[in-house]
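For reference, the chains in residue letters:
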There are 2 protein chains.
Amino acid sequence: MKNIIIASTSTLHGGTYLEYLLPELQLHFKNCTSIVFIPFARPSGISHTEYTDKVRETFEKINIEVKGLHEFEDKPKALKNAEAIFTGGGNTFLLVQQLYHHQVMTVLSETVKKGTPYLGTSAGSNICGLSIQTTNDMPIVYPPSFQTLGLIPFNLNPHYLDADLQSKHMGETRETRIKEFHAFNNIPVLGLREGSWLEVKGEKITLKGDLSARLFEANQAPKKITSGSDLSDLK
Amino acid sequence: MKNIIIASTSTLHGGTYLEYLLPELQLHFKNCTSIVFIPFARPSGISHTEYTDKVRETFEKINIEVKGLHEFEDKPKALKNAEAIFTGGGNTFLLVQQLYHHQVMTVLSETVKKGTPYLGTSAGSNICGLSIQTTNDMPIVYPPSFQTLGLIPFNLNPHYLDADLQSKHMGETRETRIKEFHAFNNIPVLGLREGSWLEVKGEKITLKGDLSARLFEANQAPKKITSGSDLSDLK
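Residues numbered from 1 in each chain as written. Chains lettered and ligands numbered in written order. Predicted model: local features only at pLDDT ≥ 70, side-chain atom pairs only at ≥ 80, totals over all residues. Heavy atoms only, no water.

Next up on the list: the overall build of chain A. Helix and strand content of chain A: seven helices and eleven strands. By the compact-globule yardstick of 18 Å for 235 residues, chain A fits well, its C-alpha radius of gyration being 17 Å. With respect to the principal axes defined by its C-alpha atoms, chain A has extents near 45 × 35 × 35 Å. Expressed as a percentage of its 235 residues, the buried residues of chain A come to 60%. Across chain A, contacts joining residues at least 24 apart in sequence account for 68% of those joining residues at least 6 apart. As displayed, chain A has an accessible area near 9,700 Å², and 47% of this comes from carbon and sulfur atoms. In chain A, 24 positive and 25 negative side-chain charges are present, and the distance between their average locations comes to 4 Å. (Helix = DSSP H or I, 4+ residues; strand = E, 2+ residues; numbered from the N terminus. Rg over C-alpha atoms; globule rule 2.2 N^0.38 Å. Buried < 20%, exposed > 50% of the residue type's maximum accessible area, 1.4 Å probe, protein only. Contact = heavy atoms within 4.5 Å. Areas by Shrake-Rupley, 256 points an atom, 1.4 Å probe, with all protein chains shown as cover. Lys, Arg positive; Asp, Glu negative; His and termini not counted. Charge placed at Lys NZ, Arg CZ, Asp CG, Glu CD.)

Rendered as C-alpha cells:
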C-alpha cells in the first residue's frame, strides 16, 4: 500500500530545513531506522555529498540514518532494499535526467507503489506526478523523457504562487503557464502552496497543511481546494 | 550580414503590443513591405490565426503586410523567400518543438545569417541563442532537442528579474536558476530586462533600451552591462 508525503517545499520562510514537516515525518517514518536519500536535483548546484550531509543533519534529530543513493554501486538494488526513500528538491530536469541515466525511474516507481515510505519535496514531489511538464525549473539539461513516477494520477505545480496584481512585470503568471499546458494536455494540475503537502495512503490522497491549494483542469475555471480535502478521485 | 533585433518582451507595462519598439522597427524593416510571422509559441494557447491577426494590426501602423508561417504549405521556402521574419513570444518549448516538427530550424538560422531582417520577442528571442536551457517557460511539450538558432554565441534570459528581497517565497530566484545552469554548462547568459533589446548588425552586438542587463558567466560574479555596451566579444 502506497505511503507517501508529497510536499511543495522543504523549507518555510524563517524556518530551518524540513522543520515544519518534522513532526509529520516522525510518524511517517516511525518504523524506519534508515532512509535512502536521492540528491540528484542538486539545488544551486551543490554536490551530492554536501546535499546528503545537510539531510543527514536533519534526520539525526529523529534518529534516522541517511545514505545517499550516489554512494551505492547498485542503485536499483539500493532502492528496492531501502527502508524508506526521500527525494530532495533542486532542479527537476537534472533529477529526471539522472534517474533515467542510472536506470532507476521504473524501479523507484515500483518500489514506492509496493509500500516503501516515500517523501518528496519540490523537485522530488514534481516527479510523483505523471510528468515534469508543470515544473517551474529551468531546463539546464536535456532529459530523455519528461515522464515521471506516476504515483498519483495528476501533475503538481510546487511552490504555487498567485499572480501579483501589483507587479509591472510582463512575464507569464503561473496560472497562464498552466493554461498553456492545458492547451496541449488534459492532465489536472494541482498548485501546491508552500507549507502544503499531499498525504497518499494506498489510493487515498489528502491535502494537508494550513493553506488551500489551487486545482487547474483543462477547459475549466481554477478551483480552490481546502486543506483536508480528499483528492482520491482526481485524474 | 546579420540584421537582427532580439527583444526581451513585446509589451511594456501600460503600453500596447510592440508600442515601445515601433520607431525602431520602422527603421529595422524600412526596406520591407511584408513580413513572415512565426506564431508557433502561442501565448496563453491562442491560435496561430488569432496571434497573426494581432501582429497584423500592429504592423499595419508601419505599412507592413503580415503573413503567418502556418498559412504556407512549403514553410522552408516561405522563410527563404521572406522579406523579413518575426518570431513572437509565448511558450519556448512549443515554439522549438514546432520549428523542429516543420523542419525549419536550420533554414531559419541560415536565412537570418544571410541577412533577412529578423525580430524576436521573448520566446522568439530565446531561440536566437545557442539553446533554450535558460528559458523561464514551462515544458508543456517535449521538443526533440533544446538546441536553437545560434544567431548569437551565448544564451538569453528574457524578462530578467532581480530577486525580490522582500519576498517570503522560497522558490529559486532567477539568479539561482542561472547558477544551476552554469553548474553544467559554460555558455554565458545575458539577463535582458523588459524594454531592453540586442541589436545585431553583422557580427556587432549592442545592448539597447533604457535599462542595464545582467551578465552571468560560469564561475564568475554576475556583471552589470550598461545600455549601449558592445557585446560582440561575448561567448
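Anyway, onward from the coordinates.
It is worth spelling out the sheet that holds strand β6 (residues 155-157) of chain A at this point. All names here are of chain A. Read from one edge to the other, the open sheet built from four strands follows the order β6-β7-β10-β11, with strand pairing classed as mixed. Edge positions in the sheet fall to β6 and β11 (223-225), since each has one partner strand and no second. With direction set aside, neighbouring strand axes in the sheet form an average angle of 30 degrees. Summarising the sheet, strand β10 (residues 213-216) and β11 pair through three bridges and their orientation is antiparallel. Paired with Ala213 across the two strands is Ile225, which belongs to β11. On top of the sheet, helix α7 (residues 174-182) reaches β6, β7 (189-191) and β10; it is set at about 30 degrees to β10, its chief contact. (Pairing = 2+ DSSP bridges. Axes fitted to C-alpha atoms, helices over the stretch in contact; angles between N-to-C directions.)

Attention now goes to the side chain of Asn155 of chain B. Residues and elements named next belong to chain B. Mapped onto the elements of the fold, Asn155 is located in strand β6 (residues 155-157). Looking at Asn155, the relative accessible area reads 0%, which means it is buried. Separated by 3.1 Å, the side chains of Asn155 and Ser131 make a polar contact. Setting aside its immediate chain neighbours within four residues, Asn155 contacts Gly129, Leu130, Ser131, Gln133, Thr134, Phe181, Ile187, Pro188, Val189 and Leu190. (Polar contact = N/O pair within 3.5 Å; in protein donor to acceptor, adjacent residues only side chain to side chain.)

Our next topic: the sheet that holds strand β8 (residues 197-201) of chain A. All names here are of chain A. The strand order across the open sheet formed by seven strands is β3-β2-β4-β5-β1-β8-β9, and the pairing between neighbours is mixed. Because the sheet does not close on itself, it has two edges, and the strands there are β3 (65-68) and β9 (204-208). Across the sheet, the mean angle separating the axes of adjacent strands is 20 degrees when strand polarity is ignored. Direction of pairing for strand β1 (residues 3-7) relative to β8: antiparallel, over a ladder of five bridges. Its bridge partner being in β8, Ile5 is matched across the sheet by Glu199. The strands that helix α5 (residues 105-114) touches are β1, β2 (34-38), β4 (85-87) and β5 (118-121); relative to β4, the one it contacts most, it runs at about 130 degrees.

Once that is clear, we can look at the packing of aromatic side chains. Inspection of the entire model under this criterion finds 20 aromatic pairs over all chains. Judged by centre distance (5.9 Å) and plane angle (80 degrees), the ring pair of Phe93 of chain A and Phe146 of chain A falls under edge-to-face. Taken together, the residues Phe93 of chain A in helix α4 (residues 92-101) and Phe146 of chain A in the loop between α6 (123-126) and β6 connect sequence positions 53 residues apart. There is no split in this pair, since Phe93 of chain A and Phe146 of chain A are both buried. Here a set of aromatic residues connected by ring pairs shows up, and it is made of Phe93, Tyr142 and Phe146 of chain A together with Phe93, Tyr142 and Phe146 of chain B. (Phe/Tyr/Trp six-rings, centres within 6.5 Å; stacked < 30°, edge-to-face > 60°.)

This part is about the relation of the copies chain B and chain A. Mapping chain B onto chain A is achieved by rotating through 180 degrees and translating by 0.0 Å along the same axis, at an RMSD of 0.0 Å. Such a turn and shift between the copies fits a two-fold axis. Residue by residue, 100% of the interface of chain B is reproduced at the interface of chain A, so both copies engage with the same surface. (Least-squares fit on C-alpha atoms with pLDDT ≥ 70 in both.)

Grouped together as the largest cluster of nonpolar side chains are 104 residues, with contacts concentrated most on Leu108, Leu190 and Leu198 of chain A together with Leu108, Leu190 and Leu198 of chain B. The contact partners of Leu198 of chain A, leaving out residues within four places of it in the chain, are Ile4, Ile5, Ile6, Ile152, Phe154, Leu156, Leu190, Leu192, Ile205, Thr206, Leu207 and Leu231 of chain A. (Core = buried A, V, L, I, M, F, W, Y, C linked by side-chain atoms within 4.5 Å.)

This next bit is on unusual backbone geometry. If you check the backbone angles, His159 of chain A has positive phi at about 55 degrees while not being a glycine. Residue position: His159 of chain A is located in the loop between β6 and α7. Look at Leu18 of chain B: it is not a glycine, yet its phi comes out positive at around 65 degrees. As for its placement among the helices and strands, Leu18 of chain B is situated in the loop between β1 (3-7) and α1 (22-28). Under the relative-accessibility criterion, Leu18 of chain B is labelled buried at 0%.

Before going further, it helps to examine the pattern of salt bridges. Enumeration according to the criterion identifies twelve salt bridges over all chains in this entry. When the shortest N-O distance is used, the salt bridge between Lys2 of chain B and Glu203 of chain B registers 3.7 Å. Taken as a pair, Lys2 of chain B in the segment before β1 and Glu203 of chain B in the loop between β8 (197-201) and β9 (204-208) lie far apart in primary sequence, 201 residues in all. Here the salt bridges share partners, and the residues they tie into one network are Asp53, Arg56 and Glu71 of chain A. (Salt bridge = Lys/Arg side-chain N within 4 Å of Asp/Glu carboxyl O.)

The subject of this paragraph is the pairing of β8 of chain B. Across the five residues of β8 of chain B, four count as buried, placing the element largely inside the fold. The hairpin turn running from β8 of chain B into β9 of chain B, its antiparallel successor, is two residues long, and Gly202 of chain B in that turn takes a positive phi close to 60 degrees.

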